[in-house]
Amino acid sequence: MNKLWGLILTLISPLFALSVRAETPPVSMNKVLAGTSIGSMANFTQGMTANIPAQAQSALGGVSKISCAAGASPASCIPMAIWNTTFNTGQLTPAEIAQKTGQSIDSNSSLAQATPWLSRLTISDALTASPAMSSMPVVANGVQTTLGSLGGSQGSKILGKVVDLRQTQISQFPQIQNIKLGQFSGLAKLTANAIPNLSQLSIAQMPGFSLSGGIAVMKLDVIRTKERNIHHMVMSGSNRQPNAKCNSNCDYAEFHPWVGMPYLRGARIISGDSLSVQGGEGLLAIVNGGMEPTGVETNLGAGGVKFVIRKLNPKTGSATVNINLRACGWLVGCTPYFLGIPLFNISERNNWFPLPTTSASVYRQVRFK
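Enquirer: What exactly am I supposed to notice about empty space enclosed by the protein here?
Expert: One simple way to see leftover space: roll a probe sized like a water molecule over the atoms. Scanning the entire structure with this criterion turns up 1 cavity of 30 Å³ or more. In terms of lining, the largest cavity is formed by N239, G280, E281, E297, R326, T335 and Y337. Here the residues of the lining of the largest cavity are counted per class, giving 1 nonpolar, 3 polar and 3 charged.

Enquirer: It is not clear to me how the sheet that holds strand β12 (residues 318-325) should be interpreted in this structure. Could you clarify?
Expert: Across a sheet, paired strands are connected by hydrogen bonds in the backbone, their directions being either parallel or antiparallel. Taken in spatial order, the 4 strands line up as β10-β11-β12-β15 in an open sheet, and their pairing is antiparallel. Single-partner strands in this sheet number two, and they are β10 (296-298) and β15 (339-347). Each neighbouring strand pair of the sheet contributes to a mean axis angle of 30°, computed without reference to strand direction. When strand β11 (residues 305-313) meets β12, the two strands line up antiparallel, connected through 6 bridges. Opposite F307, over in β12, you have I323 as the bridge partner. Along the sheet, helix α4 (residues 80-87) contacts β11, β12 and β15; its crossing angle with β12, the most-contacted strand, is approximately 100°.

Enquirer: Help me understand α4, please; the structure alone is not making it clear to me.
Expert: Every α-helix carries 3.6 residues per turn, so stepping three or four residues along brings you back to the same face. A large share of α4 lies buried, amounting to 7 of its 8 residues. The complete set of buried residues in α4 reads M80, A81, I82, W83, T85, T86 and F87. Those residues of α4 that are buried lie in contact with β2 (65-68), α3 (74-77), β11, β12, β13 (328-329) and β15.

Enquirer: Looking at this structure, how should I read the layout of surface pockets?
Expert: Each pocket or cavity is described by its volume, and for the largest pocket that value is around 540 Å³. Q46, R310, N322, F338 and G340 are, among the 23 residues lining the largest pocket, the residues nearest its centre. At the level of elements, β1 (48-51), β9 (291-293), β11, β12 and β15 are the ones that each hand at least two residues to the lining of the largest pocket. Partitioning the lining of the largest pocket into residue classes produces 7 nonpolar, 12 polar and 4 charged. Taken as a whole, the second largest pocket spans an internal volume of roughly 250 Å³. Taken together, 18 residues form the lining of the second largest pocket, with M80, A81, N84, G182 and A188 sitting closest to its centre. The set of elements that each furnish at least two residues to the lining of the second largest pocket consists of α4 and β13. Considering each element in turn, the lining of the second largest pocket owes the most residues, 4 residues, to α4.

Rules and cut-offs
- Residue numbering note: each chain is counted from 1, following its sequence as written.
- With pLDDT at 70 or above as the cut-off, local features in this predicted model cover only qualifying residues; side-chain atom pairs require 80 or more to be listed or tallied, and sums for whole chains, interfaces and linings still use all residues.
- The basis for the side-chain values is all heavy atoms of the structure; hydrogens and waters are excluded.
- Residues are called lining when one of their atoms sits within 4 Å of a cavity or pocket point, these points coming from a 1 Å grid over the protein atoms alone, where a cavity is a set in which a 1.4 Å probe fits but cannot get out and a pocket is an open set with protein on both sides within 12 Å along at least five of seven lines.
- Grid points are joined across faces, edges and corners, and a volume is the space filled by probe spheres set on the points.
- Think of it as three bins: nonpolar holds Ala, Val, Leu, Ile, Met, Phe, Trp, Tyr, Cys and Pro, charged holds Asp, Glu, Lys and Arg, and polar takes everything else, Gly as well.
- At least two DSSP bridges between two strands are required for those strands to pair.
- Under the DSSP-based scheme used, a helix requires at least four consecutive residues in state H or I and a strand at least two consecutive residues in state E, with every element numbered from the N terminus.
- Convention adopted: a line fitted to C-alpha atoms gives each axis, helices being fitted over their contacting stretch, and angles between N-to-C directions are expressed from 0 to 180 degrees.
- Only heavy atoms enter the contact rule, under which two residues are in contact if any of them lie within 4.5 Å.
- We call a residue buried when its accessible area falls under 20% of the maximum for its residue type, exposed when it is over 50%, and partly exposed in between, using a 1.4 Å probe and counting protein chains only.

Right, dumping it as structure tokens:
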């Protein structure tokens, strides 16, 4: 009898193994974002422009407008203030970026090669970044001097118009490699592709990247379009309108938890194409008219990100998942999550939807007979 049971277990154990593997998410959020960088993000299909209130511009390092044309890449048009809000890019140094991307900084290279963004900042921006910057040797108008001697009345001038950075080598001022980008206030206005190698850095390697807290991996069950009065089991919304209801022409996707949070079974995420909601905090909440697409906010980055479902197609059972970003500043709050970038596609065959969150909820309608 024992031999018989042993034979039966031998025959059926592979079936159990296959069953377990079938229920395991095919890819983790870490793997998704390990292969995603600012430079690999999809180009914008539609142009967008948003103005920053004058009272909040200094808190964002001087950013007055966020503008991306159709066809532009996120690395070429989104200011560093956004990336710093989301992933704490300001905590990085040139040396750390080089090391994380498998590069190195040649001590014989010039500042024009290793730190070209310096030429676009003001002299004051550089001098206030670190006291050591005042002793940095530079050539101005053909004369060898120090950056500190160019301060005072010339402080508001663009450094690159006064100083020839091709004439200063890293070896003459090696400290530049270890100064955090966030210490240069004017850098917030520049884009990621102005910083050597930053666009190639994996999001999972960013200082602000975090997957702490509860993690749910959601499985796409069904897509529905052009529905009305969708509120029951709605998970999507915003900080100001959680579990927001869609009244008409509602496209939504229904999910079941694959890993974690069983109470989200049957949760509905309404398409950002169907519903816009109020978002943001403080003074910056007026940016983009105070609106953002409905979606699911997560604690993926230091300043949070929002996952938004778009382009729902019931015939193919597919949708696009966007990562929506915002900007935040000290004492001025945060903009809505209005800046959306396509991140990955989901379908009935590739139906996982990673959702790192500690605060996901659904709205349940109770009907009384």
